[in-house]
Amino acid sequence: MDCIFCKIAAGEIPADILHTDEEVIAFRDINPQAPVHVVIIPGEHFTTLAELPEEKSVLVGHMVHVANKLAVSEGISESGYRVVINCGKQGGQVVQHLHMHLLGGRQLDGNLG
Ligand code: 5GP
Ligand code: ZN
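Criteria and thresholds
Residues numbered from 1 in each chain as written. Chains lettered and ligands numbered in written order. Predicted model: local features only at pLDDT ≥ 70, side-chain atom pairs only at ≥ 80, totals over all residues. Heavy atoms only, no water. Helix = DSSP H or I, 4+ residues; strand = E, 2+ residues; numbered from the N terminus. Buried < 20%, exposed > 50% of the residue type's maximum accessible area, 1.4 Å probe, protein only. Contact = heavy atoms within 4.5 Å. Areas by Shrake-Rupley, 256 points an atom, 1.4 Å probe, with all protein chains shown as cover. Lys, Arg positive; Asp, Glu negative; His and termini not counted. Charge placed at Lys NZ, Arg CZ, Asp CG, Glu CD. Near = heavy atom within 4 Å. Polar contact = N/O pair within 3.5 Å; in protein donor to acceptor, adjacent residues only side chain to side chain. Donors = N, O, S within 2.8 Å, 3.2 Å for Na, K, Ca; no water. Tetrahedral: all angles 85-135°; square planar, octahedral: opposite > 155°, others 65-115°. Salt bridge = Lys/Arg side-chain N within 4 Å of Asp/Glu carboxyl O. Phe/Tyr/Trp six-rings, centres within 6.5 Å; stacked < 30°, edge-to-face > 60°.

A. Quick look at the overall build of the chain. When you go through the chain residue by residue, the secondary structure sums to two helices and five strands. Walking the chain from its N terminus toward its C terminus, one meets helices and strands in the order α-β-β-β-α-β-β. Buried residues in the chain amount to 33% of all 113 residues. Taking the intrachain contacts of the chain between residues at least 6 apart in sequence as the baseline, contacts between residues at least 24 apart amount to 56%. Of the accessible surface of the chain, which amounts to about 6800 Å², a share of 52% is contributed by carbon and sulfur atoms. Of the charged side chains in the chain, 7 are positive and 14 negative, and the gap between their average positions amounts to 7 Å.

Written out as C-alpha cells, the structure reads:
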C-alpha cells in the first residue's frame, strides 16, 4: 500500500521515533507547528477516524495514553498541550492514515479553526 505512515511504521521511511509498542508508533512531525509536535499512529492502517470500527475504539484511548506519556517525557505535561485528530477533507486531514497530533511548548491559539 502506498501509505507514508505505513512505510514509517514498517521502517521503510526514516522518522524520529519516540515511542513504539505493539499497537502504536509515535514520531516527530516533519513540519512541526509547535516546539513539540509528535504524530501518534496505529501500526494498523485505518484511513480515517471515521473508518475506525467500534471494536477498535480502545485504540484511540491507547493513543491518548501514549500522548500523555510523551507529554511528560517532552516536558510539556505541566505547561499544557493539545491532542488533535483531523478527520477527512474539511477536518484538515492530509495523510490518509489515522493519526493523532500532540502539540505543545508554546501558547497555542484558542481558535480551533
Ligand atoms: P494531517 O494534516 O493529515 O492531520 O497531518 C499530517 C502530518 O503529517 C502533518 O503535520 C505533516 O507535517 C506530517 N507528515 C507528513 N509526511 C510526513 C513524513 O514523511 N514524516 C513525518 N515525520 N511527518 C510527516
Ligand atoms: Zn497506512
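B. Layout of the environment of Lys89. Along the chain, the position of Lys89 falls in the loop between strand S4 (81-84) and strand S5 (100-104). Spatially, the C-alpha atom of Lys89 lies 16 Å from that of His101, the residues being 12 residues apart in sequence.

C. Region of the structure containing the site of ligand 1. Neighbouring ligand 1 are 16 residues; Arg28, Asp29, Val94, His99 and His101 lie closest to it. Arg28 is positioned such that a nitrogen or oxygen atom in its backbone is 2.9 Å from a nitrogen atom of ligand 1. In the model, a nitrogen atom of ligand 1 is placed 3.2 Å from a nitrogen or oxygen of the Ile30 main chain. Computed on the free molecule, ligand 1 has an accessible area of 520 Å², of which 83% lies beneath the protein chains in the complex.

D. Up close: the coordination of the zinc ion (ligand 2). Within the protein, the zinc ion (ligand 2) binds to Cys3 (SG), Cys6 (SG), His45 (ND1) and His97 (ND1); these donor distances fall in the range 2.0 to 2.3 Å. Relative to the metal, the four donor atoms surrounding the zinc ion (ligand 2) lie at angles of 105 to 116°, and the coordination shape comes out tetrahedral. All donor residues of the zinc ion (ligand 2) come from one chain, and their arrangement in sequence is C-x2-C-x38-H-x51-H.

E. Up close: the side chain of Thr48. For Thr48, the location among the structural elements is in the loop between strand S3 (36-42) and helix H2 (58-73). If we ignore the near neighbours within four places in the chain, the residues touching Thr48 are Cys87, Gln93, Gln96 and Leu98.

F. Geometry of the pattern of salt bridges. Enumeration according to the criterion identifies four salt bridges in this entry. With its nearest N and O atoms 3.0 Å apart, the salt bridge here joins Arg28 to Glu74. You can see Arg28 sitting in strand S2 (residues 24-28) and its partner Glu74 sitting in the loop between H2 and S4, a full 46 residues away along the chain.

G. Representation of the packing of aromatic side chains within the structure. Evaluation of the coordinates by the stated rule reveals one aromatic pair. On the numbers, 5.4 Å between centres and 75° between planes, the contact of Phe5 with Phe27 is edge-to-face. Of this pair, Phe5 sits in helix H1 (residues 4-9) while Phe27 sits in strand S2; the two residues are 22 residues apart in sequence, bridging distant segments of the chain. Pair check on accessibility: Phe5 and Phe27 agree, each one buried.

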